[in-house]
Amino acid sequence: LKLTLTHAHFSDTGYHHLGAFSPRQPNAFLARTTTMQLARLLVASATLLGLLGTPPVAGAAPVGDDALEEEDEVSMLQRPLVAPPAAAASRQPPAASEWPILIPLQRESVPIMRGSKVVSHKTSYAGAIQVGQPAQDFRVVFDTGSAHIVLPSSTCKSDSCLEHRRYNVSASAGSEPINVDGTTVLPEELCDQVTIGYGTGEVTGEFARDKVCLGGGLGDIGHATCVDVTVVMAVEMSRQPFKSFKFDGIFGLSLDALAISPEFSFFNRVAGASTPGGRGRAPPALQFGVFLAGADSSEDLGSEIALGGYNGKRTLTPLQWAPVAAQQMGYWQVHIKAVRIGNRTLDICKDGSCRGIVDTGTSHLGVPGNRLGEFSSALVADATEGQDCRTAYAPDLEIVLEGFTLSLSPKNYMRPLPVQKGMVLGRGVGQNVGSERAGARDAAAAAGAGAAHACAAKIMPVNLGAALGPNVFILGEPLLHRYYTVYDWQEKRIGFGLSAIPQNREALALLGQEQQHEDEDAEEIYSFMQVTLTVLVRPRPGRGSMDCGGSSSDRAALDAPTHLEL
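Here, residues in each chain are numbered from 1, in the same order as that chain's written sequence. Per-residue local features of the predicted model are confined to residues with pLDDT of at least 70, and side-chain atom pairs are confined, for both listing and counting, to 80 or more; whole-chain, interface and lining totals are unaffected and use all residues. The side-chain values count all of the structure's non-hydrogen atoms but skip hydrogen atoms and water molecules.

Draft legend 1. Broad picture of the nonpolar core. Nonpolar cores are built from buried Ala, Val, Leu, Ile, Met, Phe, Trp, Tyr and Cys residues. Side-chain atoms within 4.5 Å join them into one set. The rule is simple: take the accessible area with a 1.4 Å probe, protein chains only, and divide by the maximum for that residue type; under 20% is buried, over 50% is exposed, in between is partly exposed. Counting 78 residues, the largest nonpolar core has Phe 142, Phe 251, Leu 307, Phe 375, Leu 479 and Phe 496 as its most contacted members. Contacts are assigned to residue pairs that have any heavy atoms within 4.5 Å of one another. Sequence-distant contacts of Leu 307, defined by excluding residues within four places in its chain, comprise Trp 99, Pro 100, Ile 101, Ile 103, Phe 142, Leu 214, Leu 253, Phe 267, Gln 287 and Phe 288. The next biggest cluster of nonpolar side chains, apart from the first, holds 39 residues, and it includes Ala 126, Val 232, Met 329 and Ile 474.

The following block contains the structure:
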């Protein structure tokens, strides 16, 4: 039996986060806590003292779950968190002339089978990084919906880890295993751990500080730019989605609020390492830009991410900027004023509660779970088997932001392959999405009765709880194929411009301008949006007899941990 102490922490406006203090730094924790919050913590602690079980993470796929049928959606998403501050590390400023760094992204498509038929695909976009000295090569998904750099550890023995390159902290001359507060892990000492729950799957990992290098390509460290960062070494990884894809890990690019502490945020490290005006040169812009080409785009339109600025050649129109909404949540999200399907404005946003999370790690458009049926029935068309659904006759989908509108046609939001009438692919993100998928299936089956097959939109249900609100959309790959997006970490805003792809060029040409011909690809639902995060802080000074690197089950009985759960 294990005693778990969890402290509830609330703000005056409602639920904020669940927090726990590290026995290492009780004074630092108390110094950050107001009198009212401290009183609440004491009450919560008194009620929670006892033998507590650890509840399952809502919405996260079970680790090693082979019984569930594989779906086409993937999402990595997480909630805001406050944890003990990490100790400051030495920072070496990269040369400003090397920014922005352009990193090619390789698209991977995994078929989804039903019987002997391919009914859909799930996709990911990954680029190369190097970690440590000498450099260890990895391919990672650059994900705006999560906060941490996560790599499989060399000590991880699960199937999902063994499929990939694994990070060996002992093989890097400059690495340092650390605890969550930034202190060095001593010999024979048990490590603190973190469990990160994504929209699809989860990982459990430990911490190390090392050098991460960008822009060199696999095996090419000579042309890379390096930054000292804190990484999560995964000792456990769920089978889905990590075993399905070839990429090795996740490179989180969300705002600081989703990170365990600011030291885990890549752009926080870049900001701290930069020397404004040093040597007569400007520091790198605290921005990044994402260009995702569709499946039918030519090789010279390969996808890329620009770090430390953006690539203006990738957009056909000037950027239009929207401020980040609810910055304290840590997501790159915008306020949505209205949603239109064809000529009809839905009533879902009339109370001002709609927000859209722009997530490069989610393969579909996420819609509020209780409205999935409405969207499914409105964005469907009759089809014949083998038809390319991107040419189907269906209404445009418009998302109205402050001052401008994002518009998607069937070429952008439709799955390329028809599905059997009434089939709804994907589990969605969050809690209690099963009944909503059933409702969507009934609505899709009723639409266009008589046809055996239908063209269906790449949408999935989203239920992320009261903290994020009921009307949250996830703006994933369908929107990112059409729009080049720029994320301004300093100004907390997101820029949108039409991507420089053939589909947009053609559309603009019809208007007397210029546009693209991006074929959205046959991909299916996944999401690397971070949705939960639990930190296990090891009690001190008692030291166990095992080093870092084993699975949590190997060491759970050795000490009574403190959990910090979001």
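Read on, since the account is not over.
Draft legend 2. Main features of the sheet that holds strand S21 (residues 380–383). We call two strands paired when DSSP finds no fewer than two bridges between them. Strands are runs of DSSP state E lasting at least two residues, helices are runs of H or I lasting at least four, and both sets are numbered from the N terminus onward. Ordered in space as S21-S26-S24, the 3 strands form an open sheet in which the pairing is antiparallel. If you trace the sheet from one side to the other, it starts and ends with S21 and strand S24 (419–420), each paired once. Pairing of S24 with strand S26 (residues 453–456), which is carried by 2 bridges, proceeds in the antiparallel orientation. Residue pairing in the sheet places Gln 420 in a bridge with His 453 of S26.

Draft legend 3. Region of interest: the sheet that holds strand S18 (residues 344–345). Judged by pairing direction, the sheet is antiparallel, and its 4 strands sit side by side in the order S18-S17-S22-S23 without closing on themselves. Sheet topology places S18 and strand S23 (405–408) at the edges, where each strand pairs with a single neighbour. By the bridge criterion, 4 bridges tie strand S17 (residues 338–341) to strand S22 (residues 397–400) in an arrangement that is antiparallel. Bridged to Arg 340 within S22 is Glu 398.

Draft legend 4. Layout of the state of the cysteines. Two cysteine sulfurs form a disulfide in these notes if their separation is within 2.5 Å. All told, the structure shown has 4 disulfides when counted by the stated rule. Between the sulfur of Cys 213 and that of Cys 226 lies a disulfide, 2.0 Å long from S to S. Here the S-S torsion is close to 105°, and the disulfide linking Cys 213 with Cys 226 is therefore right-handed. With Cys 213 in strand S10 (residues 202–214) and Cys 226 in strand S11 (residues 225–237), this pair connects stretches of sequence that are 13 residues apart.

Draft legend 5. View of the packing of aromatic side chains. Each pair of aromatic rings taken from Phe, Tyr and Trp, with Trp reduced to its six-membered ring, is defined by centres within 6.5 Å and is described as stacked if the planes are under 30 degrees apart, edge-to-face if over 60, and tilted in the remaining cases. A complete count under the given rule lists 15 aromatic pairs for this structure. Aromatic pair Phe 207 and Phe 264: ring centres 5.4 Å apart, planes at 75°, arrangement edge-to-face. Highlighted residues: Phe 207 in strand S10 and Phe 264 in the loop between strand S12 (249–252) and helix H5 (266–273), separated in sequence by 57 residues. Under the relative-accessibility criterion, Phe 207 is labelled buried at 1%. Judged by its relative accessible area of 3%, Phe 264 falls in the buried class. For the ring pair Phe 251 and Phe 266, a centre distance of 5.1 Å and an interplane angle of 70° mean the geometry is edge-to-face. Pair noted here: Phe 251 is in strand S12 and Phe 266 is in helix H5, with a separation of 15 residues, a long-range link. The same class applies to Phe 251 and to Phe 266, which are both buried.

Draft legend 6. How the structure looks around unusual backbone geometry. A cis geometry characterises the amide bond from Gln 133 onward to Pro 134, with omega recorded as 0°. Residue position: Pro 134 is located in the loop between strand S5 (117–131) and strand S6 (136–143). Despite not being glycine, Lys 492 shows a phi value in the positive range, around 55°. Note on placement: Lys 492 falls in the loop between strand S29 (483–488) and strand S30 (493–498). The class for Lys 492 is partly exposed, based on a relative accessible area of 21%.

Draft legend 7. Highlighting the pairing of S17. Pairing analysis gives 2 bridges linking S17 to S18, with the strands arranged antiparallel. Considered in S18, the bridge of Ile 341 is made with Arg 344. Counted along the chain from S17 to the antiparallel partner S18, the turn is 2 residues long, and its residue Gly 342 has a positive phi close to 65°.

Draft legend 8. Quick look at the environment of Ile 178. With respect to the secondary-structure elements, Ile 178 resides in strand S8 (residues 176–178). Separated by 13 residues in sequence, Ile 178 and Cys 191 place their C-alpha atoms 7.5 Å apart. When neighbours within four sequence positions are excluded, Ile 178 is seen to be in contact with Thr 183, Thr 184, Val 185, Phe 207, Ala 208, Arg 209 and Thr 230.

Draft legend 9. Molecular detail of the side chain of Arg 139. Tracing the backbone through its elements, the reader meets Arg 139 in strand S6. Put simply, Arg 139 is tucked away with no salt bridge, and the nearest opposite charge, on Asp 248, sits 6.6 Å away. Here a polar contact is taken to be a pair of N or O atoms separated by no more than 3.5 Å, where protein atoms must pair a possible hydrogen donor with a possible acceptor and residues adjacent in sequence count only if both atoms sit in side chains. Among the polar contacts listed, one links the side chain of Arg 139 to the backbone oxygen of Ala 126, at a separation of 3.0 Å. All tallies of charge rest on Lys and Arg as positive and Asp and Glu as negative; His and the ends of each chain are not included. Think of a salt bridge as a Lys or Arg side-chain nitrogen and an Asp or Glu carboxyl oxygen that are within 4 Å of each other.

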